[in-house]
Amino acid sequence: MNRRRPDTKKRASNTSDGRQKSDDLAYGIHAVQELLNEGGQQIRQVLVDSGAGVGPAKLAQQAKDMGLEVRVLPSKAFGDLAKGRPFQGIAAKLAPFEYVDLDQLIAPGQSRSFLVALDQVQDPQNFGSILRTAAFFGAAGVIIPQDRQVFVTPAVIRASAGGAMKVPVAKVVNLARALRACTDAGFTVIGAAAAGGVTPSKLPSEGPFVLVLGSEGAGLRRLVQESCQVLVTIPSPGEFESLNVGVAAGILMSALVDH
């Protein structure tokens with residue numbers, strides 16, 4: 001499931017007045033370090049503030065040693081690029097994310113720990129949080145629909161703290177159909193529901209599993225829910241009915257791993 005390494009020699013795109021665009025950047029020491037630690041496959045160019053300290057300079061040198069293009073910007077130009085955001089003296093221009101095919105995730109012989117499927121999760125912070133949690137718990141991959149779903153953007157990569165580089169992501173045309181394909185491949189598909197499901201302690205004990213999480217507001221769509229073999233509900237001892245999808249993902253992934 002190796003992703004194709006982007007051409008690191010390709011020049012970064014600029015705005016019409018010569019300034020670097022900022023909508024395709026991961027920034028900050030930690031984010032850039034994680035991208036480099038994963039081999040730098042997603043990086044097209046590293047941008048560093050000429051007046052930055054030791055930390056950004058070390059990362060810039062590491063990027064050079066890896067054969068990546070490094071561009072040093074005057075502090076004024078770098079500040080204009082940051083626009084008050086916490087760039088910490090360094091940023092990385094990212095290539096478009098490389099998705100994998102669903103067949104690669106469910107084929108015999110692939111890792112069969114568990115998969116995560118998202119049903120139209122639209123908040124980049126939530127998606128990034130889920131990718132980070134999936135990487136922590138050793139998920140074999142994440143499945144997302146191509147409609148009404150945030151993709152793996154630089155904002156998602158930043159929110160994932162490097163998790164997006166560790167977990168393969170498949171983008172599918174029809175999520176319900178993809179879940180049925182997972183069932184045919186031997187997975188038990190478990191959908192998270194606000195009510196009416198079994199408690200996490202009652203989940204099936206034998207995998208492999210697909211954990212399906214719904215959108216922030218609407219939850220699982222009808223056809224997606226009907227494609228699930230088991231529904232699970234996190235019980236609330238308080239008066240609040242539901243959890244943020246990122247928090248729910250962590251609780252349910254932990255439960256799957258415990259099983």
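Here the structure is a predicted model, which is why all the values come from computation and not from measurement. (Residues numbered from 1 in each chain as written. Predicted model: local features only at pLDDT ≥ 70, side-chain atom pairs only at ≥ 80, totals over all residues. Heavy atoms only, no water.)

Draft legend 1. Region of interest: the overall build of the protein chain. Scanning the protein chain from N- to C-terminus turns up nine helices and 10 strands. Looking at the 259 residues of the protein chain, the share that counts as buried comes to 49%. When the accessible surface of the protein chain is summed, it comes to about 12,400 Å², and 50% of that surface belongs to carbon and sulfur atoms. (Helix = DSSP H or I, 4+ residues; strand = E, 2+ residues; numbered from the N terminus. Buried < 20%, exposed > 50% of the residue type's maximum accessible area, 1.4 Å probe, protein only. Areas by Shrake-Rupley, 256 points an atom, 1.4 Å probe, with all protein chains shown as cover.)

Draft legend 2. A look at the sheet that holds strand S5 (residues 114–119). Read across the sheet, six strands follow the order S7-S6-S5-S9-S8-S10 without closing on themselves; strand pairing throughout is parallel. Each edge of the sheet is formed by a strand with only one pairing partner; in this case those strands are strand S7 (169–172) and strand S10 (230–232). Averaged over all neighbouring strand pairs, the angle between strand axes comes to 25°, with direction disregarded. Pairing of strand S6 (residues 141–145) with S7 involves four bridges; the strand directions are parallel. Of the residues in S7, the one forming a bridge with Pro145 is Val172. Sheet strands touched by helix H5 (residues 124–136): S5, S6, S7 and strand S9 (209–214). Its angle to S6, the strand with the most contacts, is close to 155°. Contacting S5, S6, S7, strand S8 (188–192) and S9, helix H7 (residues 175–184) crosses the sheet at an angle of about 165° to S5. (Pairing = 2+ DSSP bridges. Axes fitted to C-alpha atoms, helices over the stretch in contact; angles between N-to-C directions. Contact = heavy atoms within 4.5 Å.)

Draft legend 3. Examining helix H1 (residues 29–37) more closely. Turning to H1, its buried residues number three or more, namely Ala31, Val32, Glu34, Leu35 and Leu36. Packing partners of the buried residues in H1 comprise strand S1 (25–27), strand S2 (43–49), helix H2 (54–65), strand S4 (90–94) and helix H6 (154–160). Remark: Gly39 follows H1 within two positions and exhibits a positive phi of approximately 100°.

Draft legend 4. A look at the packing of H5 against helix H9 (residues 245–258). Interaxial distance between H5 and H9 falls to 8 Å at its minimum, and their mutual angle equals 15°. On the basis of the axis angle, H5 is roughly parallel to H9. When you trace H5 past H9, the crossing you get is right-handed. Contacts between H5 and H9 involve Asn126, Ser129, Ile130, Thr133 and Ala134 from the first element and Val245, Gly246, Ala249, Gly250 and Met253 from the second. Of the residues in the contact of H5 with H9, the class split is five nonpolar, five polar and no charged. (Parallel < 35°, antiparallel > 145°, perpendicular 65-115°, else oblique. Left-handed = near helix turned anticlockwise from the far one by under 90°. Nonpolar A, V, L, I, M, F, W, Y, C, P; charged D, E, K, R; others polar.)

Draft legend 5. Main features of the pairing of S9. Extensive coverage of S9 is indicated by the burial of six of its six residues. Residue alternation in S9 divides its side chains into two sets, Phe209, Leu211 and Leu213 and Val210, Val212 and Gly214, and both sets are buried. Sheet topology note: the S5/S9 ladder contains six bridges and is parallel. Looking across to S9, one finds that Asp119 is bridged to Gly214.

Draft legend 6. View of the sheet that holds S1. Spatial strand order, S1-S4-S2-S3: four strands in an open sheet with mixed pairing. Among the strands making up the open sheet, the edge pair consists of S1 and strand S3 (69–73). The sheet shows a mean angle of 25° between the axes of neighbouring strands, taken without regard to direction. For S2 and S3, the ladder comprises five bridges, and the chain directions are parallel.

Draft legend 7. Structural view of the environment of Pro86. Along the polypeptide, Pro86 turns up in the loop between helix H3 (75–82) and S4. Of the residues examined, Pro86 reaches a relative accessible area of 56% and is grouped as exposed. Taking the C-alpha atoms as reference points, Pro86 and Tyr27, 59 residues apart in sequence, are found 7.5 Å from one another. Once you skip the residues sitting within four places of it in the chain, Pro86 turns out to touch Tyr27 and Gly28.

Draft legend 8. How the structure looks around the confidence of the model for the protein chain. For the protein chain, per-residue confidence averages 88 on the pLDDT scale, and 89% of positions sit at 70 or higher. Segment residues 1–22: pLDDT under 50, and 53 contacts once partners within four positions in sequence are set aside and those in other chains are kept. (pLDDT = per-residue confidence, 0-100.)

Draft legend 9. Geometry of H3. Taken together, the buried positions of H3 are Phe78, Leu81 and Ala82. Buried residues of H3, seen end-on, are gathered within an arc of 95° and therefore sit on one face of the element. Summarising the contacts, the buried residues of H3 are in contact with S1, S2, S3 and S4. (Arc of directions from axis to C-beta.)

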